[in-house]
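Observations on the three-dimensional arrangement
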Amino acid sequence: MKPDPIPSSEITPKDLYLSRREFLKTLGLLAGGAVLAACAPKLAETQSAATAAPRPATASPRPAVTPFSRATADELGDPLNSYKDITNYNNYYEFTTDKQGVAVLARDFPTSPWDVQVHGLVHRPRTFSVDELIRKFQPEERVYRLRCVEAWSMVIPWLGFPLRKLLKEVEPAGSARYVRFEAVYQPEKMPGQKVPFYPWPYQEGLRLDEAMHDLTILATGLYGGELPPQNGGGIRLVVPWKYGFKSIKAIIKIELTAEQPATLWSTVAPDEYGFYANVNPRVDHPRWSQRTERRIGEFGRRDTLMFNGYAEQVAQLYNGMDLRLYY
Ligand code: MTE
């Protein structure tokens, strides 16, 4: 069992990629899709109707599209989710807690130009534009399973590059042990950020060795094209063996630190969302089982795999740790 990212020799040619970026700008985002029972974090349930972001009554219908990916399935043979599913069923609390309302609310959110500041315990702190990162690191297609802590999942063909490449560029200091990620804060454009309950901006963190692992990528696109706003454009993290909330969207700051950083979810509900959050079917969430999951677009449920099916690649990162304690 091995992930099978397409080798860099087969990356989408740049001209094709750029023309697809233009093409995808014209793509429609159809409202609808599978309706699942939300087992959203309990704190979200306290959001009142008065503060909830309004959901437009209708999304304008646009033509159906045929998104491009070289792959049709992941390395386990699971078929890709459709572009429509991936871009219309989202968790993005900066906009709304309504998964099927994100695409419409985020439609005009500007994702380009986009800058990321990389700083903290590094020898060469710098701010990079996403365009520069794309030119420098030549995103490749990585087909990963995304397993949300809420027990739904998808198979997504990302375009991205290993975070490790960017970290090497800024030369981490010997004292760096963790990486902290901070998302954009723009309450005038992100209605969910007017909900004072959450300690905005969204922030996440990884241990440095997790951040340097080859499976950990910064995604700048999906399905051969640009990264739509609802999926975290301008740039997002993807850590496929951890619950989806670790894969922070719309990153503007990456900071190397000596101490384990605070994260949004472990701040608001430390008993429910730990720092490590490795996918583990043997450790239940306090309010629901993690043994099975619902793949969006499928009927019935499938077994959840240890480390989301990436155990062979990542289990050694946690040697000697009690995985029940590090939920
Ligand atoms: N990043 C930000 N900034 N805000 C969010 O609300 N939600 C997380 C994660 N990253 C979230 C975020 C959760 S809970 C999940 S499951 C994934 O994004 C969903 O990613 P997707 O909408 O692209 O499938």
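Residues numbered from 1 in each chain as written. Predicted model: local features only at pLDDT ≥ 70, side-chain atom pairs only at ≥ 80, totals over all residues. Heavy atoms only, no water.

Our next topic: the pattern of salt bridges. Going through the model one piece at a time under the given rule, you end up with 21 salt bridges. Among the salt bridges present, the one from Arg302 reaches Glu298, with a minimum N-O distance of 2.9 Å. Residue class for Arg302 comes out partly exposed when judged on its relative accessible area of 23%. Note on Glu298: relative accessible area 24%, which makes it partly exposed. Here the salt bridges do not stand alone but share partners, grouping Asp78, Arg147, Glu293, Arg295, Glu298 and Arg302 into one network. (Salt bridge = Lys/Arg side-chain N within 4 Å of Asp/Glu carboxyl O. Buried < 20%, exposed > 50% of the residue type's maximum accessible area, 1.4 Å probe, protein only.)

The residue Pro172 is located in the loop between helix H5 (163–170) and strand E5 (178–183) in this model. For Pro172 and His119, which are 53 residues apart along the polypeptide, the C-alpha to C-alpha distance reads 9.2 Å. For Pro172, the contacting residues outside a window of four places in its chain are Leu121, Val122, His123, Leu167 and Leu256. (Helix = DSSP H or I, 4+ residues; strand = E, 2+ residues; numbered from the N terminus. Contact = heavy atoms within 4.5 Å.)

Next up on the list: H5. Among the residues making up H5, those that are buried are Leu163, Leu166, Leu167 and Val170. Buried positions in H5, seen along its axis, are confined to an arc of 100° and lie on one side of it. Backbone geometry just downstream of H5 places Glu171 in the positive-phi region, at approximately 55°. (Arc of directions from axis to C-beta.)

The next subject is the environment of Gln117. Among the structural elements, Gln117 can be located in strand E1 (residues 115–120). Separated by 65 residues in the primary sequence, Gln117 and Glu182 have C-alpha atoms spaced 9.8 Å apart. Among residues more than four places away in sequence, those in contact with Gln117 are Arg126, Thr127, Ile252, Lys253 and Ile254.

Quick look at the confidence of the model for the chain now. Looking at the chain, pLDDT values average 84 and 80% of them are 70 or higher. Low pLDDT (under 50) marks residues 1–65, which in the prediction has 118 contacts with non-local residues, meaning those over four places away or in another chain. (pLDDT = per-residue confidence, 0-100.)

Here we take up the site of the ligand. Taken together, 16 residues lie near the ligand, and Tyr93, Glu94, Arg236, Ser247 and Lys249 sit nearest. Contact between the ligand and Asn91: a nitrogen atom at 3.3 Å from a main-chain N or O atom of the residue. Within the side chain of Glu94, an N or O atom sits 2.7 Å from a nitrogen atom of the ligand. Protein coverage of the free-state accessible area of the ligand, which is 530 Å², stands at 99%. Here the shell around the ligand is built from residues that sort into eight nonpolar, five polar and three charged. (Near = heavy atom within 4 Å. Polar contact = N/O pair within 3.5 Å; in protein donor to acceptor, adjacent residues only side chain to side chain. Areas by Shrake-Rupley, 256 points an atom, 1.4 Å probe, with all protein chains shown as cover. Nonpolar A, V, L, I, M, F, W, Y, C, P; charged D, E, K, R; others polar.)

This part is about the nonpolar core. General note: in soluble globular proteins, nonpolar side chains tend to be found buried as a group. Formed by 88 residues in total, the largest nonpolar core has its most connected members in Trp158 and Ile254. For this core, the element with the highest residue contribution is strand E4 (residues 152–162), accounting for six residues. Excluding its chain neighbours within four sequence positions, the residues that come into contact with Ile254 are Val116, Gln117, Val118, His119, Leu163, Leu166, Leu167, Val179, Arg180, Phe181 and Leu218. (Core = buried A, V, L, I, M, F, W, Y, C linked by side-chain atoms within 4.5 Å.)

This next bit is on unusual backbone geometry. In this chain, Ser112 is followed by Pro113 through a cis amide linkage whose omega measures 0°. Locating Pro113 in the fold gives a position in the loop between helix H3 (102–106) and E1. Unlike most non-glycine residues, Gln138 shows phi in positive territory, near 45°. Relative to the assigned elements, Gln138 resides in the loop between helix H4 (130–137) and strand E3 (140–147). Taking relative accessible area as the criterion, Gln138 reaches 34% and is therefore assigned partly exposed. For Ala277, which is not glycine, the phi torsion reads 50° and is therefore positive.

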